[in-house]
Amino acid sequence: RLAGAVIVKTDGPPASAVVRHNTFVDNTTTSESDGTLRMAVDGDVANNVFRGDRRGLRVKDSPAVTVSNKDFFAFKKGVYKNDGVEHATVAALNAESFADGNVDDDPDLVDPTGHHLRPSSQLIGAALCTQTPGTDLDGEVRSQADGCDIGADEFSTAFGLFFDGFGSGDTGAW
């Protein structure tokens with residue numbers, strides 16, 4: 001596989017793409033030069049979680065891509081590559097004019113291979129709320145009390161009194 005999860009490209013007229021509020025966890029990119037997400041068109045990549053893989057984002061053929069408010073955590077090779085320009089750290093990526101607000105925090109997921117945030121996650125309230133889907137992957141309303149969350153999940157206390165991760169097998173929270 002060229003990309004661990006998603007390749008965005010076109011063989012037709014120039015196109016653009018928006019990739020927002022996704023959580024990519026432990027993908028297995030086999031190509032030395034690619035990442036979890038490969039963008040080969042202009043676009044906006046915002047409010048996503050990239051956790052574990054060879055590289056988080058690969059921009060191919062130099063399209064105009066903005067990279068903002070993403071969490072890049074636990075990568076083997078770096079966080080971003082654009083046709084020979086490699087950024088090994090989030091700080092290096094954020095120094096670019098097209099990147100802003102990216103972090104390298106542990107997303108603090110309930111299940112390490114899942115998508116739901118724990119109440120202690122630094123991603124809660126850290127996303128841009130502009131052009132955000134109205135609901136998350138569970139159909140819960142985006143923009144709770146603290147603003148929008150980075151990733152596919154919008155943290156909610158609607159699960160009841162106890163949010164301990166026990167249902168996912170994570171008994172370490174006890």
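A short tour of the structure in this document, coming up.

1. Topic: the environment of asparagine 82
Within the element layout of this structure, asparagine 82 appears in strand 8 (residues 71-82). Residue classification places asparagine 82 among the buried residues on the basis of a relative accessible area of 17%. It is 9.5 Å that separates the C-alpha atoms of asparagine 82 and methionine 39, two residues lying 43 residues apart in sequence. Sequence-distant contacts of asparagine 82, that is, excluding residues within four places in its chain, are made with Val59 and Ser62.

2. Thoughts on the nonpolar core
Leu37, Met39, Leu57, Val67 and Phe72 are the most contacted members of the largest nonpolar core, which has 20 residues in total. Elements that contribute at least two residues to this core include exactly strand 2 (16-20), strand 4 (37-39), strand 6 (49-59), strand 7 (65-68), strand 8 and helix 1 (90-94). Ranked by residues supplied to this core, first place goes to strand 8 with 4 residues. Once residues lying within four places of it in the same chain are set aside, the contact partners of phenylalanine 72 are Phe50, Gly56, Leu57, Val67, Val79, Val90, Leu93, Asn102, Val103 and Asp104.

3. With respect to unusual backbone geometry
With a phi angle near 60 degrees, asparagine 47 is a residue other than glycine that sits in the positive phi range. Within the chain, asparagine 69 stands out as a residue other than glycine whose phi angle is a positive 45 degrees. Tracing the chain through its elements places asparagine 69 in the loop between strand 7 and strand 8.

4. Details of the sheet that holds strand 2
The 4 strands are arranged 2-5-7-10 in an open sheet whose pairing can be described as parallel. The open sheet is flanked by strand 2 and strand 10 (99-100), the only strands paired with a single partner. Sheet topology places strand 5 (residues 42-46) next to strand 7; 4 bridges connect them, and they run parallel. Residue glycine 43 lies in a different strand from strand 7, and its bridge partner there is valine 65.

5. Observations regarding the pattern of salt bridges
Using the criterion set out here, one finds 4 salt bridges in the structure. Of the charged contacts in the structure, one is a salt bridge between arginine 20 and aspartate 44, with a shortest N-O distance of 2.0 Å. Separated by 24 residues along the polypeptide, arginine 20 in strand 2 and aspartate 44 in strand 5 bring together distant segments of the chain. Accessibility expressed as a relative area gives 14% for aspartate 44, which makes it buried. Salt-bridge contacts for aspartate 108 lead to arginine 118; the nearest nitrogen and oxygen are separated by 3.5 Å. Remark: arginine 118 occurs in the segment after strand 10 and aspartate 108 occurs in the segment after strand 10; sequence separation between them is 10 residues. Assessed through its relative accessible area of 14%, arginine 118 is described here as buried.

6. Looking at the environment of alanine 127
Considering the arrangement of structural elements, one finds alanine 127 in the segment after strand 10. Sequence-distant contacts of alanine 127, that is, excluding residues within four places in its chain, are made with His21, Asn47, Asn69, Cys148, Asp149 and Ile150.

Thresholds, definitions, all that
- Residues numbered from 1 in each chain as written.
- Predicted model: local features only at pLDDT ≥ 70, side-chain atom pairs only at ≥ 80, totals over all residues.
- Heavy atoms only, no water.
- Helix = DSSP H or I, 4+ residues; strand = E, 2+ residues; numbered from the N terminus.
- Buried < 20%, exposed > 50% of the residue type's maximum accessible area, 1.4 Å probe, protein only.
- Contact = heavy atoms within 4.5 Å.
- Core = buried A, V, L, I, M, F, W, Y, C linked by side-chain atoms within 4.5 Å.
- Pairing = 2+ DSSP bridges.
- Salt bridge = Lys/Arg side-chain N within 4 Å of Asp/Glu carboxyl O.

Shape descriptors only; they carry no functional weight alone.
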